[in-house]
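Letter by letter, the chains look like this.
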Amino acid sequence: MSVIVMGDQAVGKTTLMLELAKSNRGDVQVIEPSYEDLERFTIGGQVMPTDSISSITMQLLVNLSGNFKEIKVDWIDSPGEAWRAEDSRWRKANPRDWNFLSTSLHNAKFLMIVMAPYRELLNENLVGNDGLSIQDIRFRKQTQWKNRFQEWISFLENNARNNQYVIFCLNMADLFCDVQQISDALQQEESINWIKHKINVLPIFDNVRELIYRFEKNRIVKTQVFITTYKARPLLELPWLYMGT
Ligand SMILES: Nc1nc2c(ncn2[C@@H]2O[C@H](COP(=O)(O)OP(=O)(O)OP(=O)(O)O)[C@@H](O)[C@H]2O)c(=O)[nH]1
Ligand SMILES: [Mg+2]
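Summarised in this report is the structure supplied together with it. (Residues numbered from 1 in each chain as written. Chains lettered and ligands numbered in written order. Predicted model: local features only at pLDDT ≥ 70, side-chain atom pairs only at ≥ 80, totals over all residues. Heavy atoms only, no water.)

### Looking at the coordination of the magnesium ion (ligand 2)
Note on metal geometry: ideal angles are 109.5 degrees for four donors arranged tetrahedrally and 90 or 180 degrees for six donors arranged octahedrally. Which entries qualify depends on this criterion: Water is not part of the atom set, so a site may look incomplete; the donors themselves are N, O and S atoms within 2.8 Å of the metal, or 3.2 Å for Na, K and Ca. Helix numbering and strand numbering both begin at the N terminus, where a helix is a DSSP run of H or I of at least 4 residues and a strand a DSSP run of E of at least 2.
Coordination of the magnesium ion (ligand 2) by the protein comes from T14 (OG1) and T50 (OG1), over a distance range of 2.0 Å. Here the residue T14 occupies a position in helix α1 (residues 13-20), and T50 occupies one in the loop between β4 (46-47) and β5 (54-64), the gap between them amounting to 36 residues.

Written as structure tokens, this is what we have:
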């Protein structure tokens, strides 16, 4: 199965995958490639901005409530620039890559859209502790964030097939909630009920909930929502457990 990861610049797309491979503890283990193999995407321990598409075949071992399952995933990472549709600069400059991306998108089983949180959602202390500023351009104001979300929905309406799994990840959860507490609660659960999970997470997507409902109304496969962060392993793993189920 293949997963295509979309999202604006520097929202954490590449980090989500690299960090998954960093540890071999937890319910999702990356058997291949090794973190050492993936270090070429980093410099001095920092993830580099993605400048071209990378398609990586990963062998994962997922623990689904005691049932271990090996899955092969083609992870297709894309540069945030590719999704700046307003000027299509990247698409025009990289027609072959864009063509590859469009084809991959059509064939993928999972479409993952990664987003940074909107400004009003952020906890100023948590942002400050991470050495970031609330004014960082990645943190759009709520109205702009909502507009951007609408653009993603329109894009999906035009480009996603009815039976593809669309996953929305609100990333950098460590900047707006107590990820430790959520992780502890997750680990108490014996198995994850994905319908319940969606009901629990949707309030965070409250300002776009109607957009999500409208979008998925006529779809064969409903959407799923996550809050993610590389700073809490259970939250990092959750989308993969969903895909493995
Ligand atoms: N606090 C926090 N920072 C994050 C998180 N995920 C990523 N970052 C930081 O965000 C920056 C960008 O991360 P990348 O993974 O390169 O983002 P990207 O979406 O792949 O960016 P492009 O490839 O340039 O489109 C890095 O400095 C990361 O450390 C997160 O969950 N929490
Ligand atoms: Mg990247």
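### A few points about the pattern of salt bridges
Worth spelling out the cut-off: Between Lys or Arg on one side and Asp or Glu on the other, a salt bridge is scored when a side-chain nitrogen of the former is within 4 Å of a carboxyl oxygen of the latter. The rule is simple: take the accessible area with a 1.4 Å probe, protein chains only, and divide by the maximum for that residue type; under 20% is buried, over 50% is exposed, in between is partly exposed.
Counted by the stated rule, this structure contains ten salt bridges. For R148, the salt bridge goes to D8, with nearest N and O atoms at 2.8 Å. Of the two residues, R148 is situated in helix α6 (residues 142-159) and D8 in the loop between β1 (2-7) and α1; the sequence distance between them amounts to 140 residues. For the pair shown, R148 and D8 are each scored as buried. Salt-bridge contacts for D174 lead to K231; the nearest nitrogen and oxygen are separated by 4.0 Å. Here D174 is found in the loop between β8 (165-170) and α7 (179-188), whereas its partner K231 is found in the loop between β9 (224-227) and α10 (233-244), with 57 residues between them in sequence. One network of salt bridges, with partners in common, ties together D8, R140, R148 and E151.

### Observations regarding unusual backbone geometry
Cis rather than trans, the peptide bond between E32 and P33 has omega equal to -5 degrees. Relative to the helices and strands, P33 is located in the loop between β2 (28-32) and α2 (35-38). The phi dihedral of S65 is positive, around 50 degrees, even though this residue is not glycine. Relative to the assigned elements, S65 resides in the loop between β5 and β6 (67-77).

### Focus on the site of ligand 1
Our working rule: Note on definitions. A residue lies near a molecule or strand when any single heavy atom of the residue is within 4 Å of it. As used in this structure description, the phrase polar contact means that two N or O atoms lie within 3.5 Å; if the pair is within protein, one of them must be able to donate a hydrogen and the other to accept it, and residues adjacent in sequence are counted only when both atoms belong to side chains. To be clear on the numbers: accessible area is Shrake-Rupley with a 1.4 Å probe, and residue cover counts the displayed protein chains and nothing else. All amino acids are sorted into three groups, where Ala, Val, Leu, Ile, Met, Phe, Trp, Tyr, Cys and Pro are nonpolar, Asp, Glu, Lys and Arg are charged, and the leftover types, Gly among them, are polar.
Contacts to ligand 1 come from 22 residues, most closely from K13, T15, T50, G80 and D174. Here a nitrogen atom of ligand 1 sits 3.4 Å away from a polar atom, N or O, in the side chain of N171. Bound to the protein, ligand 1 loses 88% of the 650 Å² it would expose on its own. For the shell around ligand 1, the class distribution of residues is eight nonpolar, eight polar and six charged.

### Notes on the nonpolar core
Note the cut-off: What is meant by a nonpolar core is a set of buried Ala, Val, Leu, Ile, Met, Phe, Trp, Tyr and Cys residues, joined one to another through side-chain atoms within 4.5 Å. In this analysis, two residues are considered to be in contact whenever any of their non-hydrogen atoms come within 4.5 Å of each other.
In this structure, M6, F149, F168 and F205 are the most contacted members of the largest nonpolar core, which totals 83 residues. Examining the composition of this core, we find that seven residues originate from one element, α10, more than from any other. The residues touching F205, leaving out its near neighbours within four places in the chain, are M115, W145, F149, F168, L170, I212, V225 and F226.

### Examining the packing of α1 against α10
Threshold: Structural elements are reduced to axes, namely lines fitted to C-alpha atoms, with helices fitted over the stretch in contact, and the angle between N-to-C directions of any two is expressed from 0 to 180 degrees. Between 65 and 115 degrees an angle is taken as roughly perpendicular, under 35 as roughly parallel, over 145 as roughly antiparallel, and anywhere else as oblique.
The N-to-C vectors of α1 and α10 enclose an angle of 100 degrees; their axes lie 10 Å apart at closest approach. Relative to α10, the element α1 is oriented roughly perpendicular. Where α1 approaches α10, its residues L16, E19 and L20 are matched on the opposing element by R233, L236, E237 and W240.

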